[in-house]
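# Survey of secondary and tertiary structure
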Amino acid sequence: NELFEFHLVGPIPEDKQISDSRAIYHGLVSDIEQLRTIYRECDILVCASYSEGMPNVIMEAMSQGMAIISTDVGAVSVLVNQDNGWLLHETSVSNLEAAIYAALRTPEEHLLLKKKMARAHIESNFTWREIVIQLLSKIEHCIS
């Protein structure tokens, strides 16, 4: 399928880069506005890992309206579900490949819904306002 591109962000050594016109390497991006521009140009973030805590990159991408493909490690399942992406319960290359192909075959209206749900999930649960409300509730619970 020639209708997709992979935008890769990070210090990926040249000898590890794939020579394919669909692989666009941005290098290390520390400017948040430049990163947001890249996010807005993309539909899906792929964040496959064997170990994570609460990955900021997933929250940042979701806040910009990206659906997510990620492995179910650390707190990723608090962020990613079938409504806003593809959560891989078993970490393997074949599962990642299957999820990417499933995403590529997703009808545009379903992908748009996943993207909207991703942004809504962040806005409803992970803004500073929501975090403070949850924290105060926990503190009040501990005090009483």
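Residues numbered from 1 in each chain as written. Predicted model: local features only at pLDDT ≥ 70, side-chain atom pairs only at ≥ 80, totals over all residues. Heavy atoms only, no water.

## Examining the pairing of strand β4 (residues 67–71)
The line we're drawing: Exposure categories follow from relative accessible area, calculated using a 1.4 Å probe and restricted to protein chains: below 20% of the type maximum is buried, above 50% is exposed, and the middle band is partly exposed. Here a helix means four or more residues in a row that DSSP labels H or I, a strand means two or more in a row labelled E, and each is numbered from the N terminus. Strands pair, by our definition, only if DSSP identifies at least two bridges between them. A crossover counts as right-handed when, viewed with the strands pointing away from the observer, the path leading from the first strand over the helix to the second turns clockwise.
Burial analysis of β4 places five of its five residues in the buried class, which makes it a mostly covered element. Burial along β4 is two-sided: the face carrying Ala67, Ile69 and Thr71 and the face carrying Ile68 and Ser70 are both buried. Pairing between strand β3 (residues 44–47) and β4: four bridges, direction parallel. Pairing of Val46 across the sheet is with Ile69, part of β4. Regarding the hand of the β-α-β motif, the stretch spanning β3, helix α2 (residues 56–63) and β4 is right-handed.

## A word on the sheet that holds β4
In any sheet, the strands associate via hydrogen bonds between backbone groups, in a parallel or an antiparallel arrangement. Basically, it comes down to this: The axes are straight lines fitted to the C-alpha atoms, using for helices just the contacting stretch, and the angles between their N-to-C directions are given from 0 to 180°. Every residue pair with non-hydrogen atoms within 4.5 Å of one another is taken to be in contact.
The strand order β3-β4-β5 describes an open sheet built from three strands, whose pairing is parallel. Each edge of the open sheet carries a strand with a single partner, namely β3 and β5 (85–88). The mean inter-strand angle of the sheet, taken between neighbouring strand axes irrespective of direction, is 5°. Packing against the sheet, α2 makes contact with β3 and β4, and its axis sits at approximately 175° to β3. Packed on one face of the sheet, helix α4 (residues 93–105) meets β3, β4 and β5 and runs near 170° to β5.

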